[in-house]
Amino acid sequence: MTASIVATKQRRPLRSRLLGFWAILVYAWLFAPIVVVVAFSFNRPAGKFNTAWNEFTLDNWADPFKRQDLTDSLITSLQVAAAAAFVATIFGGLMALATSRYEFRGKGFVNILTVLPLTSPEIVLGSSLFTLFFARDLGLGFTTVVIAHIMFCLSFVALTVQARVRGFDWSFEDAAMDLGSTPWRTFRTVTFPLILPGIAAAALLSFALSIDDYIITSFVAGDATTTFPMRIFNAAKTEIPAQVNVIASMILLVAVALMAIGAWRTLKQEKA
Amino acid sequence: MAAESSLRTGRKAPYGLLSPGILWLILFFLVPMGSLLRIALSEKPNAFLPDYEFTWKWDNFSNAIERFQPELARSFGYAAAATVLCIIIGYPLAYYLAFRAGRWRSLLLALIMVPFFTSFLIRTIAWQTILGADGPALAVMEVLSLVPVTDAIGLTTNGAFLNTPEAVIGGLTYNFAPFMILPIYVSLEKIDPRLLDAARDLYSRPSEAFRKIILPLSLPGVFAGTLLTFIPAAGDFINAELLGNVRTGMIGSQITKLFLRESNYPEAAALSFIFMAIITVGVLLYAKVLGTDELAA
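Let us look at the structure shown here.

Thresholds, definitions, all that
Residues numbered from 1 in each chain as written. Chains lettered and ligands numbered in written order. Predicted model: local features only at pLDDT ≥ 70, side-chain atom pairs only at ≥ 80, totals over all residues. Helix = DSSP H or I, 4+ residues; strand = E, 2+ residues; numbered from the N terminus. Rg over C-alpha atoms; globule rule 2.2 N^0.38 Å. Buried ≥ 20, exposed ≤ 12 C-beta atoms within 10 Å, placed from the backbone. Contact = placed C-beta atoms within 7 Å. Nonpolar A, V, L, I, M, F, W, Y, C, P; charged D, E, K, R; others polar. Expected span 1.5 Å × (residues − 1). Arc of directions from axis to C-beta.

### Some details on the overall build of chain A
Then step 1. Counting its regular elements, chain A contains 11 helices and 0 strands.
Then step 2. Each helix and strand of chain A, placed in order from N terminus to C terminus, yields the pattern α-α-α-α-α-α-α-α-α-α-α.
Then step 3. For a compact globule of 272 residues, the expected C-alpha radius of gyration is about 19 Å, and chain A comes in at 24 Å, more than 25% above that figure.
Then step 4. Dimensions of chain A along its principal axes, counting C-alpha atoms only, are 75 × 70 × 35 Å.
Then step 5. Within chain A, the proportion of its 272 residues that are buried is 40%.

So this is what it looks like as structure tokens:
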């Protein structure tokens, strides 16, 4: 018995160190492409492809929106993401409220229908929407892209909000109503503040999913509408301008800043 | 259980709340699946007319399977390899985060997500740079004169990392790894540390405690992670197109090509439907074997 305890104590630090070493390796692997993306935003490409290091320059950052086609597609993507995240957050949030607060007939069907889009490959979602729009003779474009993005964001929103509000004490609402509050006022002053963190997380997630989607979008965008990922993919065979790296680095910066603000606010709340 | 008691049995309210979202999912998820199946069973009576006729043409299915067997096999093979690699890479990291990271835990968790704030495509193009002929990966291997070794173990082909099946699997592994790491972390984090204390008090060896307590309790996370990695990886074709060669094409490329370039809608729809059916059956079997209802929860 004693022998095994001694052996355990000796083995543990080594295993712990191996685990820590593995974690460092994995983080290096996760960040390697990001380092490349940011580093190459300071590269003066020798040819059309910004994939081999040539020389250091700040020119790309001085003029990040030089490439009109890239900028236009980025604006399209931002518009699509804003519209899709807005609608998906409202619809999905309402779905989560219904499934987490009420017992009703058909709940099983609703749960399955909510999960199914998540377990369907994007290529199938995209191609099935394509056949629908084609069969109904609906022109492909901005509207069909937004419709598709709302569809795949809905499930994520419903499940994210559901997970956040599970186990809430809804009797606060009854208390407000008993004290004479109107249903709308109850929602505004009691329910909404309770679900707000979940709603905010879901909206950000939807925005991120939408702005990064290529496969589904490529099926429903048609010829006239081009999102940022589509522009990059279409161009990747013929050219990769350095502005791609600059814009990607800027998006990364904004996302990290948002995350830092979020973390800082939670820290402050925990202290208070 | 307090939550259960406050659940209401509403008559109209839940349906009112649900209707916009559910209607959307029916119209733009279920109905399209129907029209996909319909086109998959249709044929074009006249090559010069844009119309399709629904004729129960099951031949589309057998033709698609016959023609695209290699792509189907490759898609599932690559996705399976990437999923296994994600578990091998992700499990120890999730374990580290759950049990050893201490006060750095939140920061390290957040850091996992940071690379994924850059576009999927741009990350994959960055791997082109890293693995390319003038890239750092090959340069390091050449300095260490390891190229013959990597050639021998199949990591490189004729001294190149890029445009190989290994590069495609590597790209898939990279792009979907967080979907494996995070669910495993969540299931590990839920484990009550008192269970491990109890195991130690009862003289269990650490390896035994891992095998009998941690591993079984983390299986729901591995299950969820496997679905979240395998399904998108099998349907992906970006990695295959950017990191692979003409002989690494996956099913997604073929479906896209048939739909958007060849306009062969019936066969494309049939292929898409077959792919979906295989995935669905696979998921159900997998769920049955592991017997977890974590997915619906």
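### Focus on the overall build of chain B
Then step 1. In terms of helices and strands, chain B carries 14 helices and 2 strands.
Then step 2. C-alpha atoms of chain B, sized along the principal axes, occupy 75 × 70 × 35 Å.
Then step 3. The buried share among the 297 residues of chain B stands at 43%.

### A word on the interface of chain B and chain A
Then step 1. Facing 74 residues of chain B, the contacting portion of chain A comprises 79 residues.
Then step 2. Along the lines of polarity and charge, the residues of the side of chain B that touches chain A split into 55 nonpolar, 14 polar and 5 charged.

### Quick look at helix α4 (residues 107–119) of chain A
An α-helix turns once per 3.6 residues; consequently, residues spaced three or four apart project the same way.
Then step 1. In a regular helix each residue adds 1.5 Å, so 13 residues correspond to 18 Å; α4 of chain A covers 19 Å between its end C-alpha atoms and thus fits that length.
Then step 2. The set of residues buried in α4 of chain A consists of Val110, Leu113, Thr114 and Pro117 of chain A. Along the axis of α4 of chain A, the buried positions cluster into a sector of 95°, meaning they face one direction only. Turned more than 90 degrees away from the buried face of α4 of chain A, the exposed residues are Gly108 and Ile112 of chain A.
Then step 3. Buried residues along α4 of chain A sit against α3 (68–101), α5 (122–135) and α6 (142–165) of chain A together with α2 (13–40) of chain B.

### So, unusual backbone geometry
In most cases, non-glycine residues show a negative phi, while peptide bonds are predominantly trans.
All names here are of chain B.
Then step 1. Its identity is not glycine, yet Trp56 carries a phi of approximately 50°, on the positive side.
Then step 2. Residue placement: Trp56 occurs in the loop between β2 (53–54) and α3 (59–67).
Then step 3. Backbone geometry places Tyr203, a non-glycine residue, at a positive phi of 60°.
Then step 4. Note that Tyr203 resides in the loop between α10 (193–201) and α11 (206–235).
Then step 5. Looking at Tyr203, the number of C-beta atoms within 10 Å reads 11, which means it is exposed.

### A look at the environment of Ser204 of chain B
Residue and element names in this part refer to chain B.
Then step 1. Summarising the element assignment, Ser204 is placed in the loop between α10 and α11.
Then step 2. For the pair Ser204 and Thr118, spaced 86 residues apart in sequence, the C-alpha separation works out to 45 Å.
Then step 3. Residue contacts for Ser204: discarding those within four places in its chain leaves Ala199 and Ala209.

### Some points on the environment of Ala52 of chain A
Then step 1. Here Ala52 of chain A is to be found in the loop between α1 (2–39) and α2 (59–62).
Then step 2. Expressed as a C-alpha distance, the spacing of Ala52 of chain A and Phe40 of chain A, which sit 12 residues apart in the sequence, is 8.4 Å.
Then step 3. If we skip the residues at most four places from it in the chain, Ala52 of chain A touches Ala46 of chain A together with Asp134 of chain B.

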